[in-house]
Amino acid sequence: MDKIVKTQTTLITGGTSGIGASIAKSLLAKGERVITLGLEMPNWVHENLYGYKADLTDEKETKKAADLISAEHKINSVVHNAGIILPNLLSEVETSDVLTLSHIHLAAPIALTQAILPNMINDKNGRIVFISSRASMGMPTRSAYAATKAGIHGLARTWALELAENNITVNVIAPGPVLTQNFWDLVPKDGELQQEISDNIPVGRIGTAEDIAHAVEFFLDKKSSFITGQILYVCGGTSLKGLGT
């Protein structure tokens, strides 16, 4: 009798562009099922791709989407990739910025994971991967962003301890600068600042969405079951020296 192979199903927040889209497409290419959740629906079609819309800074919308997705799909893995920066120097930071980023970086993954956790526990198998940031170590104009991204690390390590007995791993990827639209929203594309940033990265280049997707695949792999509660800096060495001169 042939062995029945269960198809992996992964929920990716912010999975329609940039890093999230790269992760989604890499998993789809492997024959897996992908559910995306964010402000936009995917702008491409695949037989194993399912899209849902919600504003993850809104508690009620997030809860509604979480309940709907968990009712319609048996999810094995979660990649919480969605995020917002809201850059400001300390003198201009609004307390509302912290609340907004806390919703999307911390509260949203809690609500989503709570909704799908029963299936993971029932299967005694699951993968949770957070996309954090090298900026969690500190970076000018990133007060709210760095604080909430650093909060992800505590969340992941706590869950890793709580869920280990169910063969559910929880890990974090902290990217350095990555060439996506989010990056170009802050740094003029192909300009002097982009080149300066590239020159200050030890490996001599800015990262790509594919670099991050590759790391995500590693943590999602069934062979990675002995790795949990870890933070992997996929940053070209910037976690060792920062981005300054």
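What you see is a predicted model, and the numbers here were worked out from it, not measured in a lab.

Reading the values: rules and limits
Residues numbered from 1 in each chain as written. Predicted model: local features only at pLDDT ≥ 70, side-chain atom pairs only at ≥ 80, totals over all residues. Heavy atoms only, no water. Helix = DSSP H or I, 4+ residues; strand = E, 2+ residues; numbered from the N terminus. Buried < 20%, exposed > 50% of the residue type's maximum accessible area, 1.4 Å probe, protein only. Core = buried A, V, L, I, M, F, W, Y, C linked by side-chain atoms within 4.5 Å. Contact = heavy atoms within 4.5 Å. Pairing = 2+ DSSP bridges. Axes fitted to C-alpha atoms, helices over the stretch in contact; angles between N-to-C directions. Parallel < 35°, antiparallel > 145°, perpendicular 65-115°, else oblique. Left-handed = near helix turned anticlockwise from the far one by under 90°. Nonpolar A, V, L, I, M, F, W, Y, C, P; charged D, E, K, R; others polar.

Re the environment of Q114
Part 1 of the reasoning: Mapping Q114 onto the fold places it in helix α3 (residues 95–123).
Part 2 of the reasoning: For Q114, a relative accessible area of 57% puts it in the exposed group.

Overview of the nonpolar core
Part 1 of the reasoning: The biggest cluster of nonpolar side chains holds 34 residues, and the ones touching the most others in it are L37, I128, F130 and V170.
Part 2 of the reasoning: Put simply, the parts of the chain that give this core at least two residues each are β2 (33–38), α2 (59–72), α3, β5 (126–131), α4 (143–163) and β6 (168–175).
Part 3 of the reasoning: Excluding residues within four positions of it along the chain, L37 makes contact with L11, I12, T13, G14, G15, Y52, K53, A54, L56, A65, I69 and L112.

Digging into the pairing of strand β4 (residues 77–80)
Part 1 of the reasoning: Of the two faces of β4, the one carrying S77 and V79 and the one carrying V78 and H80 are both buried.
Part 2 of the reasoning: In the sheet, strand β1 (residues 9–13) pairs with β4 via four bridges, with the strands oriented parallel. Bridge pairing in β4 places T13 opposite H80.

Let's talk about the packing of α3 against α4
Part 1 of the reasoning: Contact geometry of α3 with α4 gives a least axis separation of 8 Å together with a crossing angle of 20 degrees. Relative to α4, α3 is oriented roughly parallel. Once α3 is placed against α4, the crossing between them reads as right-handed. Judged by residue contacts, D97, V98, L101, S102, H105, L106, P109, I110, T113 and L117 of α3 engage A144, Y145, T148, K149, G151, I152, L155, W159 and L163 from α4.
Part 2 of the reasoning: By residue class, the composition of the contact of α3 with α4 is twelve nonpolar, five polar and two charged.

Everything listed here is a matter of geometry and, on its own, says nothing about what the molecule does.
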